[in-house]
Amino acid sequence: MILLKRDQDIEIMKKCNTIVAEVLEALKKVVEPGVSTLELDREAEALIQKKGAKPAFKGYRGYPFTLCASINEQVVHGMP
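Owing to the predicted nature of the structure, the values given are computational and were not obtained by experimental measurement. (Residues numbered from 1 in each chain as written. Predicted model: local features only at pLDDT ≥ 70, side-chain atom pairs only at ≥ 80, totals over all residues. Heavy atoms only, no water.)

*Asks:* Just to check I follow, could you spell out the nonpolar core for this structure?
*Replies:* In summary, soluble globular proteins display a tendency toward joint burial of nonpolar side chains. Judged by nonpolar contacts, Ile 19, Val 23, Leu 27, Leu 40, Ala 44, Leu 47, Ile 48, Leu 67 and Ala 69 together constitute the single largest core of nine residues. For this core, the secondary structure elements donating two or more residues are α1 (7-28) and α2 (37-50). For this core, the leading source of residues is α2, giving four residues. Ignoring sequence-local partners within four residues, the contact set of Ile 48 consists of Val 23, Ala 53, Lys 54, Pro 55 and Thr 66. (Core = buried A, V, L, I, M, F, W, Y, C linked by side-chain atoms within 4.5 Å. Buried < 20%, exposed > 50% of the residue type's maximum accessible area, 1.4 Å probe, protein only. Helix = DSSP H or I, 4+ residues; strand = E, 2+ residues; numbered from the N terminus. Contact = heavy atoms within 4.5 Å.)

Right, here's the structure in full:
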């Protein structure tokens, strides 16, 4: 079944995705050897909150982090 979105819903999605894009762009400047995924998680959460939003993953079914991140060649995302 395909659910059609109203124009209002699409605008909300655009705003949310703009925040995600801006946070990812900012995190690219922080990522370097030695920076932990937990540090990235904290930075991402702070940036999201500065934008007046809240992290979608955090709290979902008890998930305690903002990011779902892995390093190097890991296939499955993990907890920071």
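Next comes the rest of the description.
*Asks:* Explanation requested: the packing of aromatic side chains in the structure shown.
*Replies:* Each pair of aromatic rings is reported with the distance of its centres and the angle of its planes. Throughout the structure, instances matching the rule amount to two aromatic pairs. Centroid distance Phe 57 to Tyr 63: 6.4 Å. Interplanar angle 75 degrees. Geometry classified as edge-to-face. Residue Phe 57 is classed as partly exposed on the basis of its relative accessible area of 46%. Judged by centre distance (5.8 Å) and plane angle (70 degrees), the ring pair of Tyr 63 and Phe 65 falls under edge-to-face. (Phe/Tyr/Trp six-rings, centres within 6.5 Å; stacked < 30°, edge-to-face > 60°.)

*Asks:* Any chance you could explain unusual backbone geometry here in plain terms?
*Replies:* Peptide bonds are trans in most cases, and residues, glycine excluded, mostly fall at negative phi. Within the chain, Arg 61 stands out as a residue other than glycine whose phi angle is a positive 50 degrees. Topologically, Arg 61 is positioned in the segment after α2. Note on Arg 61: relative accessible area 76%, which makes it exposed.

*Asks:* Honestly, the side chain of Asp 41 in this entry has me stumped. Any pointers?
*Replies:* By the secondary structure assignment, Asp 41 is in helix α2. It is Lys 58 that comes nearest to the buried, bridge-free Asp 41 among opposite-charge side chains, at 5.7 Å. Each residue touching Asp 41, except ones within four places of it in the same chain, is listed here: Phe 65, Thr 66, Leu 67 and Pro 80. (Lys, Arg positive; Asp, Glu negative; His and termini not counted. Salt bridge = Lys/Arg side-chain N within 4 Å of Asp/Glu carboxyl O.)

*Asks:* Can you help me understand the packing of α1 against α2 in this one?
*Replies:* Direction vectors running N to C along α1 and α2 enclose 140 degrees, while the axes themselves pass 10 Å from each other. Compared by their axis directions, α1 and α2 come out oblique. Relative to α2, the crossing made by α1 is right-handed. Counting all contacts with α1, which are made through Val 23, Ala 26 and Leu 27, the residues of α2 involved are Leu 40, Glu 43, Ala 44, Leu 47 and Ile 48. Considered class by class, the residues forming the contact of α1 with α2 number seven nonpolar, no polar and one charged. (Axes fitted to C-alpha atoms, helices over the stretch in contact; angles between N-to-C directions. Parallel < 35°, antiparallel > 145°, perpendicular 65-115°, else oblique. Left-handed = near helix turned anticlockwise from the far one by under 90°. Nonpolar A, V, L, I, M, F, W, Y, C, P; charged D, E, K, R; others polar.)

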